[in-house]
Amino acid sequence: MFIKAETRVLRSIFLICLLLSICIIGQTQTISGKVIDEKSGEALPFANVFISNTTLGSTTDKNGNYRISGKLPQNLELVVSFMGYYTKYRSIALSGRNNVTVNFELLPKENQLDEVQLKVKRDKKWERDLKRFERVFIALGDDPFIKENTITNPWLLDFDHGKFEGGTKYFSASALEPLKIENSSLGYSIEYHLQEFIETRYGFFYKGLVNFNEMETDQEEQISDWEDKRNYTFHGSLRHFLLALLHRKPQISNYKLFKVIPPPHVHERTNVFHEELGNSIKPITQDSLYVCTLPSGAYMVALPGKIEIHNKKKFWINNYYTKIFNPISWLEAPLGYFVVDENGILPDPSQLVISGNMARQRMARYLPHDFEPTGEGPSGLFEIDSVLLNINKWNSLREKPHITLNKSYYYPGEAVWFNARMMYQNTFFADTLSRTLYVDLYDRFSNKILEETFLINNGNASGLLKLPEDLKGDEYAIRAYTQWMRNYGEEEFTYTPIPVIDKNLRVIKKADNLLFEEDDIEVGLSAEFKRDEWNNQANFEIRLTEGSEKAFIGEFSLSILDADKSQFLETHTSLSQSMDWLNKEGKTIEYNEPVFPIEYGISVQGYFSDKKKKPLAVPITIVLGELEDYGILKSDNTGYFWGTGLNFQGEKDIAIAALNTKRKPYGSINKTQVERPYLSGYFPRLILETEEIRESDNQDFDFFLGDGYFELEEFVLEEKRKETMEDNNYGYGKGDRSIGPEFLESRPELSLDAVISMHMPGGGMGNYNWGLNAGEPLLIIDGARFFPSPDESVFAKLSTFTAAEVENIEVYTFSAPVFGMAGFAGAIVVRTKRGSKMKNEEERIFNAENFQVFNSRGFTPVPNFPIQSDTEKAVKAFTSLYWNPNIKVESDQEPFSVSLSLPSSVKNLQIRIEGITEDGNPFTKVLSVKVD
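Rules and cut-offs
Residues numbered from 1 in each chain as written. Predicted model: local features only at pLDDT ≥ 70, side-chain atom pairs only at ≥ 80, totals over all residues. Heavy atoms only, no water. Helix = DSSP H or I, 4+ residues; strand = E, 2+ residues; numbered from the N terminus. Buried < 20%, exposed > 50% of the residue type's maximum accessible area, 1.4 Å probe, protein only. Contact = heavy atoms within 4.5 Å. Salt bridge = Lys/Arg side-chain N within 4 Å of Asp/Glu carboxyl O. Pairing = 2+ DSSP bridges. Axes fitted to C-alpha atoms, helices over the stretch in contact; angles between N-to-C directions. Core = buried A, V, L, I, M, F, W, Y, C linked by side-chain atoms within 4.5 Å. Phe/Tyr/Trp six-rings, centres within 6.5 Å; stacked < 30°, edge-to-face > 60°. Lys NZ or Arg CZ within 6 Å of the ring centre and 35° of its normal. Patch = residues over 30% accessible without salt bridge, like charges linked within 9 Å, V, L, I, M, F, W, Y side chains within 5 Å. Areas by Shrake-Rupley, 256 points an atom, 1.4 Å probe, with all protein chains shown as cover. Lys, Arg positive; Asp, Glu negative; His and termini not counted. Charge placed at Lys NZ, Arg CZ, Asp CG, Glu CD. Polar contact = N/O pair within 3.5 Å; in protein donor to acceptor, adjacent residues only side chain to side chain. pLDDT = per-residue confidence, 0-100.

Under an unreviewed UniProt entry, the name given to the chain is Carboxypeptidase-like regulatory domain-containing protein, and the organism recorded is Shivajiella indica.

Okay, here's the thing in structure tokens:
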């Protein structure tokens, strides 16, 4: 309103300043000065002085003097850099002055690592981080320009991983010296002084000081190619749009403008453009973006809200609208306005939030601010590589387990204890990917011996496989995978050899079998042994450090063996070797769209059938046990339904039915099993050299049936009473979006359905299962779960509350699987000011009458490893003495300690530690300890 009231005054200023600007631009301006050493005062010859983000610059002469002349920006950053000194810059407003003097004093760097030292410090983890950095900084993975852009001194980069106070993960980068980039696609050599780079799941931000230099060539064809690509890149960019808007150029007609209407909408958003006109967008003219000129010569642009921009001059395939084939971008000014200079450049980029096509620009398509187009460029240039598009889209969603075993080989009847540590191509998507791991044991003839299913919790699945007592000594292998991994082909699965040795044999020990890897992790081990009447009582303390000073934060597996009976072999793949998978070329899925969905727990699938000509697309109600979990799915037109998120161990009943409006079951349900693929082709082999055990040698095998020591059921802990959602209202942690009093009190009249829509992308809810139609979200109000019906949906219930009645709202999307199948479509937890507006329902007792009930198998129960501790009798002389699959270290805490009883016959131990630091550095250590 203020802007409109001041229209005449601002337009007068616009005309006056425009005339002044014309006078200034017509004259040559000069910046000159001297560069010296801050400590010695000596002149610095050959220092690089440049105007950031332009091709304008100079070098100092032998006396340290420089001079830059020409048509200069009126507001600029002047930068000086020199090898071995800290870079300095100053923000300067020329304000019409023809001559400006700016002197610099540079501070020398001390104890700087040379190029050779820097290169030596770069490892596989650093190489993975470099690829990730380049995908954000240089170009999107589907941009064909990415192949023609190279950082020639990448070893200068350092990377860091961490978490903000709220728990959001971040990835950051810094550089000791300017990065040198060869942009062969646009013909620029670029020197980039990186000031800040940070990426989170929600976006990225980077800034720096940039010096452009034209590449030199005498080939006319190359010069013409660069000119065409520069012109094409410029047209449709944010700068092109802003210049057309500011100076009322005819090119503004290339753009169609729309105002984005905030929720609630008349109807749910669709991908049909003409249906969205008047619903989520409305057309506006360029005059709706009010422009006025400031006394400094810059412009202020006021937006009417979030705007959507369609570039009619370029072709682009997008999935936002089904039949619109133009680039689409969105602009939003958090302050309601933004300031832009006469060259179409934002002095403060944070004033404008850019998304869509205009936000694709990275260094590969970054033009200097003094670039002047000579045409529009050829129409046949492509901004996207369709092959790279698919790889870029799906590669970041790849996952793969690494298997760590408690020992390297086994005897029939023993338990194979393992930990599966999930590796992710992009860790930001870790909490949106699989929670269910399938583990199968095969013999070398591809016959399946065992199949189990384990829960993936925080990126780890700990489990065991109980080998049959009558299993023959031979070569076997574990195959571990998720259903989601099947989209990428079975070669993505993890295969781990499991040698099984006949009980009358033992493996011949060889010194070169021992596993050893170099890394930066140092292990401090303290071992104390005290002999009693029956056993050796052992106490171990383990402290890990990264290098000599940095405290270890991360997680690791720990295994202790009797070294005279078994040993760890280097033939098994280490975590470091498995993580080479992260450095391999990107890969897309084998289908146009994913065929195998992401599983967030035990999945349920099947078919609904009914009388002829009756619709098969109906709501399917699924109930676990005595209403321990509950979900409503929608079958498709063939009657097929699928849902995931159930979390239970062993076997339980699942009741399934289609319910009519009177909640009476009808039709028939055929529940089908989740498919496990056949083993085809690959089988890892590990052949060991063995010898017969002499009769005089005692051999105790680990936990095999019949010795009276290990029975799986004995170690399954009794299930605790399942906490209700009322009991554990806040045990789920904070949601992915928190809506607190500040927002709610500012809009007291809004209904809650509108509040939720305003905080969700596109105004919708749902779990992030990459295109899966997941149904309605779970709604919990003051600890009580709302059960939707055909008469009242979740959002209809939310519409009965206003923001004024509510204390806070937590919305779960990425983290919704914590609610089980009930949260399959996301979850909303509302706490009202009155404590409870909903009626306290009587405890629901589920009646399965008329439901079809199916006995179903859940996750495999996994007991704790039984540690022997006894001072009253001799413990058994097992090979595997201790196993802990996942020890987490979250701070610089006390050493990890272990106490156990060792058989008196144990003389030598092997301790294997394998894990990963918080920064993603893998390590594997094998220590030998003599029992004194």
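Asker: How should the overall build of the chain be read in this particular structure?
Answerer: Scanning the chain for helices and strands turns up 12 helices and 52 strands. Counting the 932 residues in the chain, one finds 51% classified as buried. A separation threshold of at least 6 residues defines the contact pool for the chain, and within that pool the share at least 24 residues apart is 71%.

Asker: Mind showing me how you'd approach the pattern of salt bridges here?
Answerer: Where charged atoms from two side chains of opposite charge approach closely, those side chains can pair. By the definition in use, this model includes 27 salt bridges. Of the charged contacts in the structure, one is a salt bridge between E177 and K109, with a shortest N-O distance of 3.0 Å. Taken together, the residues E177 in the loop between β11 (169-175) and β12 (179-183) and K109 in the loop between β8 (104-106) and α3 (115-120) connect sequence positions 68 residues apart. Taking relative accessible area as the criterion, E177 reaches 11% and is therefore assigned buried.

Asker: Explain the sheet that holds strand β28 (residues 474-481) to me, please; I cannot follow it from the model alone.
Answerer: Within a beta sheet, neighbouring strands are joined by backbone hydrogen bonds and run either parallel or antiparallel to one another. Strand order across the open sheet formed by four strands is β26-β25-β28-β29, with antiparallel pairing between neighbours. A strand with exactly one partner marks an edge of an open sheet, and here the two such strands are β26 (448-455) and β29 (494-500). On average, adjacent strands in this sheet sit at an angle of 20° to one another, irrespective of strand direction. Note: strand β25 (residues 436-443) against β28, six bridges, orientation antiparallel. What sits directly across from Y442, in β28, is A477.

Asker: It is not clear to me how the nonpolar core should be interpreted in this structure. Could you clarify?
Answerer: For soluble globular proteins, nonpolar side chains are generally found buried alongside one another. Among the nonpolar cores identified, the biggest contains 34 residues, and F133, F137, L157, Y192, F197 and M363 are the most heavily contacted of them. Elements with a minimum of two residues in this core: α4 (124-137), β10 (157-163), β11, β12, β13 (188-200) and β14 (203-214).

Asker: Would you mind going over the sheet that holds strand β49 (residues 880-889) with me for this structure?
Answerer: A sheet is described by the order of its strands in space; here four strands give the open sequence β49-β34-β51-β52, paired in antiparallel fashion. The open sheet is flanked by β49 and β52 (922-930), the only strands paired with a single partner. With direction set aside, neighbouring strand axes in the sheet form an average angle of 15°. Where strand β51 (residues 908-917) and β52 come together, nine bridges link them in antiparallel fashion. Residue L909 lies in a different strand from β52, and its bridge partner there is V929.

Asker: What should I look at first to understand unusual backbone geometry in this one?
Answerer: Negative phi characterises most residues that are not glycine, and trans characterises most peptide bonds. Residue N53 is not a glycine yet carries a positive backbone phi of 70°. Mapped onto the elements of the fold, N53 is located in the loop between β2 (48-51) and β3 (57-59). By relative accessible area, which is 11% here, N53 ends up buried. The backbone of N458 sits at a positive phi, close to 55°, despite the residue not being glycine. With respect to the element layout, N458 can be found in the loop between β26 and β27 (460-466).

Asker: Honestly, helix α6 (residues 238-246) in this entry has me stumped. Any pointers?
Answerer: The periodicity of an α-helix, 3.6 residues per turn, causes residues three or four positions apart to be oriented the same way. Burial analysis of α6 places nine of its nine residues in the buried class, which makes it a mostly covered element. Listed in full, the buried residues belonging to α6 are L238, R239, H240, F241, L242, L243, A244, L245 and L246.

Asker: Where do I start with the packing of aromatic side chains in this structure?
Answerer: Aromatic ring pairs are described here by two measures, namely the spacing of the ring centres and the angle between the planes. Enumeration over the complete set of coordinates arrives at 33 aromatic pairs. Taking 5.7 Å as the distance between ring centres and 20° as the angle between the ring planes, the aromatic pair formed by F159 and F171 counts as stacked. Taken together, the residues F159 in strand β10 and F171 in strand β11 connect sequence positions 12 residues apart. Judged by relative accessible area, F171 falls into the buried class, the value being 0%. Ring plane angle 80° and centroid distance 5.4 Å describe the contact between Y188 and F212, whose orientation is recorded as edge-to-face. Of the two residues, Y188 is situated in strand β13 and F212 in strand β14; the sequence distance between them amounts to 24 residues. F212 matches Y188 in its accessibility class, with the two residues each being buried. Aromatic rings pair up to connect W126, F133, F137, F159, F171, Y192, F197, F204 and Y206 into one cluster. The ring of Y188 has R230 sitting right over it, with the charged end atom 4.1 Å from the ring centre. The positively charged end of R365 is found above the aromatic ring belonging to F145, 3.8 Å away from the centroid.

Asker: Honestly, a negative patch on the surface in this entry has me stumped. Any pointers?
Answerer: A cluster of acidic residues, D123, E127, D520 and E522, forms a negative patch on the protein surface. By the secondary structure assignment, E127 is in helix α4. On the basis of relative accessible area, E127 is assigned to the partly exposed category, the value being 40%.

Asker: Hey, could you run me through the side chain of D629 in this one?
Answerer: With respect to the secondary-structure elements, D629 resides in strand β37 (residues 629-634). Leaving out residues up to four positions away in the same chain, D629 has contacts with I622, V623, L624, G645, L646, F819, G820, M821 and A822.

Asker: I would appreciate a short explanation of the side chain of R421 in the present structure.
Answerer: Mapping R421 onto the fold places it in strand β24 (residues 415-424). On the basis of relative accessibility, which here comes to 4%, the residue R421 falls in the buried class. Within the local environment of R421, its side chain forms a polar contact with the side chain of N460, the two groups lying 3.4 Å apart.

Asker: What is the right way to look at a nonpolar patch on the surface in this model?
Answerer: On the surface, a cluster of nonpolar side chains totalling about 360 Å² of accessible area is made up of F315, I317 and F325. Structurally, the position occupied by F325 is in the loop between β19 (307-311) and β20 (328-332).

Asker: Is there a simple way to explain the confidence of the model for the chain in this structure?
Answerer: Regions with low pLDDT carry predicted coordinates that are not meant to be interpreted in detail. On average, residues of the chain score 83 in pLDDT, and 86% of them are at 70 or above. Scored below 50 in pLDDT, residues 1-26 makes 19 contacts in the model with residues more than four places away or belonging to other chains. Every residue in residues 762-773 is under pLDDT 50, and counting partners more than four places away or in other chains gives 43 contacts.

Asker: What should I look at first to understand the pairing of strand β1 (residues 29-37) in this one?
Answerer: A regular strand places its side chains so that they alternate between the two faces of the sheet. Most of β1 sits inside the fold, with seven of its nine residues counted as buried. As paired elements, β1 and strand β4 (residues 65-70) share six bridges and run antiparallel to each other. Note that in β4 the partner of K34 across the bridge is N65. Taken together, the three bridges between β1 and strand β7 (residues 99-101) define a ladder with parallel strand orientation. Within the sheet, the bridge partner assigned to I31 lies in β7 and is V100. Where β1 and β8 come together, three bridges link them in parallel fashion. Within the sheet, the bridge partner assigned to I36 lies in β8 and is E105.

Asker: Hey, could you run me through the environment of S899 in this one?
Answerer: Assignment of secondary structure puts S899 in strand β50 (residues 896-903). Assessed through its relative accessible area of 48%, S899 is described here as partly exposed. With 372 residues separating them in the primary sequence, S899 and A527 have C-alpha atoms 9.9 Å apart. Those residues within four positions of S899 in sequence are excluded, and the remaining contacts are A538, N539 and I867.

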